[in-house]
Amino acid sequence: MKNFKLKLAAVAFLIGTAVTPAFAGKGGSAAQIRDAIRSTSTDAIIAEVEQAESLICGECATMIVGLTDHDDYRVRDVAAWWIARRPSLAGQLATTFKQDLVSGSALQVRNAADFFGSSSTFNSLPQLRQAIKRSDLTVDAKLSIIRAVDRLGNLGGNEVLTHAMTDTDATVRWSAAKAWRDIRGQKDVAPVAALLRDPDARVRAEAATVVGGFRFQGATTVLETLVTTDGNAMV
């Protein structure tokens, strides 16, 4: 476990559950989770964490909290899912992760954003809005912030997406445009329409898909131009 603050949170949770049998859930055990982690098999880890959905086990909590910084997003996702079912532990970690979004390393930002998206932590939106504006983030960290906003599906994430649409990386811009249509209650599609003139064909194509889905009449002229002048068949 790379993040010492997360380890402390897990230990605090372990102390609170120390008298609870390690086989109190629907299935799984600390030993099975440990063996899966040691195997380094992503599928095995996911299967054991899911099997332990209702398991009350302090040692399990320590190991699963450690998975929130795993290299594979799918493992981080299932770890957050497991933790979200334990509100006390989730609350402790949320405090640390919010701090990481604002002042942690790019890797910590990635992990924190994925945790908030996977655990549906809506009160993380202010910190996600701060994080996306940092100048020291990697593309992976930015994509995780966008993914979190996409999964939360809240209008409070629009500021994240509009900022990401101006990023120098085309994948970041494309992901932000794609996420825009998944926000519940979304009405204004003008920020995405601006990407119809993006230098990257993939971004232009996604922007066309989004504005078409919203039936945005303000983009009609640009779309007509693209049909006759854009050299990319996908667009």
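See the structure above.
Note that the structure is predicted; figures quoted are calculated from it, not measured.

S.K.: Help me understand the environment of Ser120 in this model?
M.R.: Positionally, Ser120 belongs in the loop between α7 (106-118) and α8 (125-131). Along the backbone, Ser120 and Trp81 are 39 residues apart, and their C-alpha atoms lie at a distance of 9.1 Å.

S.K.: I keep staring at the packing of helix α6 (residues 87-103) against α7 and nothing clicks. Help me out?
M.R.: To describe two helices that pack against each other, one gives the angle between their axes and the distance between the axes. It is the contact of α6 with α7, at a shortest axis distance of 9 Å, that shows an interaxial angle of 135°. If you check the angle between α6 and α7, you find them oblique. Between α6 and α7 lies a crossing whose hand is left-handed. In this structure, α6 contributes Ala90, Leu93, Ala94, Phe97, Lys98, Asp100 and Leu101 to the contact, and α7 contributes Gln108, Val109, Asn111, Ala112, Ala113, Phe115 and Phe116. Residues belonging to the contact of α6 with α7 are distributed by class as follows: 10 nonpolar, two polar and two charged.

S.K.: What am I meant to see in helix α5 (residues 73-84) here?
M.R.: Each α-helix turn comprises 3.6 residues. Residues three or four places apart therefore point the same way. Compared with an ideal rise of 1.5 Å per residue, which puts 12 residues at 16 Å, α5 spans 16 Å between its outermost C-alpha atoms and is within 8% of the ideal. For α5, the complete set of buried residues consists of Val75, Arg76, Val78, Ala79, Ala80, Trp82 and Ile83. The N-cap residue of α5 is Asp72: its side-chain oxygen and the backbone nitrogen of Arg74 are 2.8 Å apart.

S.K.: For this particular structure, what's the right way to read helix α3 (residues 42-51)?
M.R.: Burial in α3 covers these residues: Thr42, Ile45, Ile46, Glu48 and Val49. Down the axis of α3, the smallest arc covering the buried residues is 170°, so these residues share one side. On its buried face, α3 is in contact with α2 (30-39), α4 (58-66) and α5.

S.K.: For this particular structure, what's the right way to read the state of the cysteines?
M.R.: A covalent bond bridging the sulfur atoms of two cysteines is what the word disulfide describes. Following the criterion strictly, the structure yields one disulfide and no others. Here Cys57 connects covalently by a disulfide to Cys60, the sulfurs 2.4 Å from one another. In this structure, the disulfide formed by Cys57 and Cys60 twists by about 80° around the S-S bond and is classed as right-handed. A relative accessible area of 3% means that Cys57 is categorised as buried. Residue classification places Cys60 among the buried residues on the basis of a relative accessible area of 0%.

S.K.: Please clarify how the side chain of Asn111 should be interpreted in this entry.
M.R.: Take Asn111: it is sitting in helix α7. Here Arg110 takes part through its side chain, which lies 2.8 Å from a polar atom of the side chain of Asn111. Every residue in contact with Asn111, bar those within four places of it in the chain, is listed here: Thr68, Asp69, Arg76 and Phe97.

Here is what the cut-offs are and how they apply
- Residues numbered from 1 in each chain as written.
- Predicted model: local features only at pLDDT ≥ 70, side-chain atom pairs only at ≥ 80, totals over all residues.
- Heavy atoms only, no water.
- Helix = DSSP H or I, 4+ residues; strand = E, 2+ residues; numbered from the N terminus.
- Axes fitted to C-alpha atoms, helices over the stretch in contact; angles between N-to-C directions.
- Parallel < 35°, antiparallel > 145°, perpendicular 65-115°, else oblique.
- Left-handed = near helix turned anticlockwise from the far one by under 90°.
- Contact = heavy atoms within 4.5 Å.
- Nonpolar A, V, L, I, M, F, W, Y, C, P; charged D, E, K, R; others polar.
- Expected span 1.5 Å × (residues − 1).
- Buried < 20%, exposed > 50% of the residue type's maximum accessible area, 1.4 Å probe, protein only.
- Polar contact = N/O pair within 3.5 Å; in protein donor to acceptor, adjacent residues only side chain to side chain.
- Arc of directions from axis to C-beta.
- Disulfide = S-S within 2.5 Å.

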